[in-house]
Amino acid sequence: MRWLVVILSVGLGLFGAEVAMRVAGLDFASPYQPDPCCGSRLNANAGFWHLSEGRAYITTNSAGFRDREHAVQKPPGTLRIAVLGDSFAEALQIEARDAFWAVLERELSKCDKLDGRAVEVLNFGVSGFGTTQELQLLRHHVWRYDPDIVLLAFLPGNDVRNNSRELEWEQQKPFYNFVDGQLVLDESFRDQRMSPTVRVKDWLVRHVRVLSAIYRAKENLKTAGRQTTIPQVEAGLDDHAFAPPQDEKWQRAWAITEGVIGLMHDEVRAHGAEFFVVGLNNAIQVHPDPDVMQAAAQRLGTDDVDEPDRRLARVAAQRGFDYFSLTPPMRTIAQRDKIFFHGFRNTSPGSGHWNEQGHKTAGELIATALCESKLLGHLQSTK
């Protein structure tokens, strides 16, 4: 009887808390759902507020991406660009109309090389994704939209770590590993992530608000408890990515990353599309005060924080695809005008994701780079 009383009391308490949270409009449920190919992605047809960094009301389309609705069949006379990336492409911190991919669509439409051809940019960015997940997303979700250009938005501050099982915090996703000198896909996460038990747990956490709050608190504690081997330039980023790799784990992480980008390039070309890699930047790389950047470089034992751009430029030259780094032009603008491209009113300036000015500048620069590249001329001659 005592146990029955305890169980009933706890049950009534949880029920009361659930009712109170719903009446108050409190919902800590994750907007992400399990995905058998990529590990996770946003829920379809969802709507929620993002307030922890910037302020924006987020909506997703029927395919489960942070973008407007797009027809699967490409409209005639349209240049379609598919954007692959992580949280910088998902851009939860700002309104969708201000994201770099929306700016890119508007600005590229002005390019004379298009000869009146319409431009449609589709955003497939998902927070936390690395290049391996983006390749799987391309294979399983993107090709049906028949893009003419696949734009990979590469973020050096964590994309390299995301691609390494040895370094990555989140293990419930696919990874590539080298086996006898060849990249082999490891999808063992499916056995656990997509098991009936885990799927029931995920459903409960997403639909029962008390459980959502408990799970969110648990994840926050886990994140706060993560330790890094060296001081970070910024929480959530890896200093190692901004300098030449100093140990075998980071050497393997870079080798896997470069190999996966090569696989993506081969896949894009096999589908008759063009591949365009854009190097994004973290706040330390485009800080308006050059002394701050130099101090970070000295702490890393290197001359600057541009190692990711050099490596990607070499890979692009070897593989034969177009690479455009946003870091040099955005750094010039930031230092000339003394502005921060990262940070919001409710966060520290010069930290976190791009703000509206960062996205605007990035979108305009990408549009100019694409318009001036040979890609559009090649597409015009083949389509």
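In this report, the structure presented in the accompanying data block is examined. (Residues numbered from 1 in each chain as written. Predicted model: local features only at pLDDT ≥ 70, side-chain atom pairs only at ≥ 80, totals over all residues. Heavy atoms only, no water.)

### Re the pattern of salt bridges
Thought 1: For the structure shown, the criterion picks out 23 salt bridges.
Thought 2: In this structure, the salt-bridge partner of arginine 252 is glutamate 248, at a minimum N-O distance of 3.6 Å. With a gap of four residues between them, arginine 252 and glutamate 248 both fall in helix H9 (residues 248-270), about one helical turn apart.
Thought 3: Accessibility expressed as a relative area gives 35% for arginine 252, which makes it partly exposed. (Salt bridge = Lys/Arg side-chain N within 4 Å of Asp/Glu carboxyl O. Helix = DSSP H or I, 4+ residues; strand = E, 2+ residues; numbered from the N terminus. Buried < 20%, exposed > 50% of the residue type's maximum accessible area, 1.4 Å probe, protein only.)

### Describing the state of the cysteines
Thought 1: Evaluated as defined, the whole model comprises one disulfide.
Thought 2: In this model cysteine 111 forms its disulfide with cysteine 371; the gap between the sulfur atoms is 2.1 Å. Around the S-S axis, the bridge from cysteine 111 to cysteine 371 shows a dihedral of about 80° and counts as right-handed. Of this pair, cysteine 111 sits in the loop between helix H3 (100-108) and strand S6 (118-123) while cysteine 371 is found in helix H13 (residues 356-372), placing the two residues 260 residues apart along the sequence.
Thought 3: With no disulfide of its own, cysteine 38 lies 5.7 Å from the sulfur of cysteine 37, the closest cysteine sulfur.
Thought 4: By relative accessible area, which is 0% here, cysteine 38 ends up buried. (Disulfide = S-S within 2.5 Å.)

### As for the packing of H3 against H13
Thought 1: It is at 8 Å that the axes of H3 and H13 come closest, and there the two elements cross at 45°. One finds that H3 runs oblique with respect to H13. In this structure, H3 meets H13 at a crossing whose hand is right-handed. Side by side, H3 and H13 meet where Phe100, Val103, Leu104, Glu107 and Leu108 of the first sit next to His359, Lys360, Ala362, Gly363, Glu364, Ile366, Ala367, Leu370 and Cys371 of the second.
Thought 2: A class-by-class count of the residues in the contact of H3 with H13 yields nine nonpolar, two polar and three charged. (Axes fitted to C-alpha atoms, helices over the stretch in contact; angles between N-to-C directions. Parallel < 35°, antiparallel > 145°, perpendicular 65-115°, else oblique. Left-handed = near helix turned anticlockwise from the far one by under 90°. Contact = heavy atoms within 4.5 Å. Nonpolar A, V, L, I, M, F, W, Y, C, P; charged D, E, K, R; others polar.)

### Concerning the packing of aromatic side chains
Thought 1: Taken as a whole, this structure holds six aromatic pairs when the rule is applied.
Thought 2: With 5.3 Å between their ring centres and 65° between their planes, tryptophan 49 and tyrosine 57 make a pair best called edge-to-face.
Thought 3: Tyrosine 57 gets classed as partly exposed once you look at its relative accessible area, which sits at 36%.
Thought 4: Taking NZ or CZ as reference, arginine 55 lies 4.7 Å from the ring centre of tryptophan 49, over its face.
Thought 5: Across from the ring centre of tryptophan 169, 3.9 Å away, lies the NZ or CZ of arginine 161, which sits over that ring. (Phe/Tyr/Trp six-rings, centres within 6.5 Å; stacked < 30°, edge-to-face > 60°. Lys NZ or Arg CZ within 6 Å of the ring centre and 35° of its normal.)

### Here we look at the nonpolar core
Thought 1: Core analysis: the largest hydrophobic core is formed by 43 residues, its most contacted members being Leu108, Phe276 and Leu326.
Thought 2: Among the elements that make up this core, the one with the highest residue count is H13 (seven residues).
Thought 3: Setting aside residues no more than four positions away along its own chain, phenylalanine 276 makes contact with Ile149, Val150, Leu151, Leu152, Asp322, Phe324, Ile366, Ala369, Leu370 and Leu375.
Thought 4: Of all hydrophobic cores here, the second largest spans 39 residues; its members include Tyr145, Tyr176, Trp250 and Ile256. (Core = buried A, V, L, I, M, F, W, Y, C linked by side-chain atoms within 4.5 Å.)

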